[in-house]
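Given next are the chains, with one letter for each unit.
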Amino acid sequence: MASVATLATDVSAVELWRRSYLKQQTYKSVLIAAISLVVFVGIVVFLLSGSEGWAKVQASFFDWDTFVGSLPAIGEGLLKNLQVLGYSLVLVLIFATLIAVARTTRTPVLFPVRLLASLYVDLIRGMPALLLLYLIGFGIPGLGIFGRIDPVILGTIAITMCYSAYVAEVLRSGINSVHPSQRAGARALGLTHWQTMRIVVLPQAVRNVIPALMNDFVAMQKDVGLVSTIGVIDVVRAAQIEVAHTWNFTPYVAAGVVFVLLALPFVRLADWYTNRTREREQKGGTV
Amino acid sequence: MSGPVLSLRNIRKDFGEHRVLDGIDLDVKEHEVVVLIGASGSGKSTLLRCVNLLERIDDGQIFLQGEDISDPRVDKDKARARIGVVFQSFNLFPHLSVLRNVTLALTDVHHIPKEEAEARAMTLLERIGVASKAHVYPDRLSGGQQQRVAIVRAIAANPELLLLDEITSALDPNLVGEVLDLVLDLKRGGSTIVMATHEMDFARQAADTIVYLNHGRIEEAGTPEKLFNNPDSEQTAAFLSRYRK
């Protein structure tokens, strides 16, 4: 701000001293951070390279040629991951919203729906995702009703079922965090229950739980890797195949790098979005 | 001469064992301003919430223009759409712009085309001097501005009845005046208003009828002159004497 610059010329001696002191403190802490980082990395490198098996581990986990060589297959697998992730994401948002709204609606008429939603959430949250994948992945084809089903679809169903329950719980806490006066205000205008939910409650609810939602999203993205167990050649499975071909574990590291890189932008996006909305709706003065 | 806009017959409301409203009978004529006064907990706010069907009454009937809106077969949303309400804490929607706050009910409840709704909203916002803030979010407005936006939001659809629930209680003292001026403006415009307030000077100035509520009953109702100068009930006199200068 311009006013600060003009004011800076006539500050008191006390303030000048305070500023130089704070500046010194900053330099000091940066220096300490840098030194401790160097020391820490040095110790790790020393321990690793000094250990007996390091040469072997390096050759079998961090082999550059194998790394690069495995990338095309892993990239192909990544497409499957993104496919399952994309489908499930859309479906999860729809189902989770329905479940959350059902669980927070206090109409007697909807009691059976509410009970069903609660049972579903309890059941799914208690079950390991891997088991659910097995049950869906091998159970549905076993019925023999639909003929051969693409495992990508089965994986999508399982992941959707699993994460709908988690995301519904997050959304439910978001809905409960919206102050009842907002609902009263909306209903007083003549909005119906569903209009109130859609226009007034849900937008505020989602905003309140964006960090938690993103957390679930990143977890979901990793759990998509589980579809490898029911026959989808995704990143994990592709890495496994490469490992089997090359007798080298580096493709696993490559797969790990791919997962981390995939997660990063979403984590950053969540931070950016939360900050932006906070700035937009609140006057300064955050402590 | 048509009948009263609002008729309350023997309204009763219990919160658990506690009887908040104990047989309220009240008629509000067209263009009449009825001011509810009484100590905190006397049932003023509850009565307003009951009239707007935000609370379910435990006995009695509520007639809006002669129609029993406490009948369970009545579409509550439609009934609420005919009544404007302003709350103590404004209850503006923080995620919607000031303009959208005002147009929301017009477009989504009354199905007025967007352009027309926005034109009407802008006229109202100009009237209360916040037209330049139409596209910002409510948090950028002062408390008095927010409450005035809440008032025009409530009157945008020309409700048959306006309920004001202690609309100045959450405001800084220096912002109370601008909100009450707007209410006087509405009175001059012919709005039918039922309001609960602790502002006795304002009650005296604006009310056609003052209703003194005491423990969920109407202790006394009458013109401001009558209640302030020559009340029938000793309790009314005792309550008002605490406010007399």
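Residues numbered from 1 in each chain as written. Chains lettered and ligands numbered in written order. Predicted model: local features only at pLDDT ≥ 70, side-chain atom pairs only at ≥ 80, totals over all residues.

Student: Explain the sheet that holds strand β5 (residues 67-68) of chain B to me, using residue names and the numbers behind them.
Tutor: Each strand in a sheet pairs with its neighbour through backbone hydrogen bonds, running either in the same direction (parallel) or in the opposite one (antiparallel). All names here are of chain B. One open sheet holds the four strands; their spatial order is β2-β1-β4-β5, and the pairing between them is antiparallel. Each of the sheet's edge strands pairs with one partner strand only, and the pair in question is β2 (18-28) and β5. One ladder, built from two bridges, connects strand β4 (residues 59-64) with β5; its direction is antiparallel. Bridging from a neighbouring strand, phenylalanine 63 pairs with aspartate 68 of β5. (Pairing = 2+ DSSP bridges. Helix = DSSP H or I, 4+ residues; strand = E, 2+ residues; numbered from the N terminus.)

Student: Report on helix α9 (residues 234-241) of chain B, specifying residues and quantitative values.
Tutor: Residue and element names in this part refer to chain B. Listed in full, the buried residues belonging to α9 are Thr236, Phe239 and Leu240. Along the axis of α9, the buried residues cluster in a sector spanning 90°; they form a single face. Turned more than 90 degrees off the buried face of α9, the exposed positions are Glu234, Ala238 and Ser241. Looking at the buried side of α9, the elements it contacts are β9 (209-214), β10 (217-222) and α8 (224-229). (Buried ≥ 20, exposed ≤ 12 C-beta atoms within 10 Å, placed from the backbone. Arc of directions from axis to C-beta. Contact = placed C-beta atoms within 7 Å.)

Student: Any details on the interface of chain A and chain B? Residues and values, ideally.
Tutor: By convention, interface size is frequently given as the accessible area that disappears when the constituent parts associate. Contacts between the two partners involve 20 residues from chain A and, on the opposite side, 19 residues from chain B. Broken down by secondary-structure element, the contributors of at least two residues to the side of chain A that touches chain B are α8 (180-188), α9 (193-208) and α12 (250-281) of chain A. Taken together, the residues of the side of chain A that touches chain B sort by class into seven nonpolar, eight polar and five charged. (Nonpolar A, V, L, I, M, F, W, Y, C, P; charged D, E, K, R; others polar.)

Student: Let's hear about the confidence of the model for chain B: which residues, and what values?
Tutor: Per-residue confidence for chain B gives a mean pLDDT of 92; residues scoring 70 or more make up 99%. As a predicted assembly, this complex carries a pTM of 0.82 together with an ipTM value of 0.89. (pLDDT = per-residue confidence, 0-100.)

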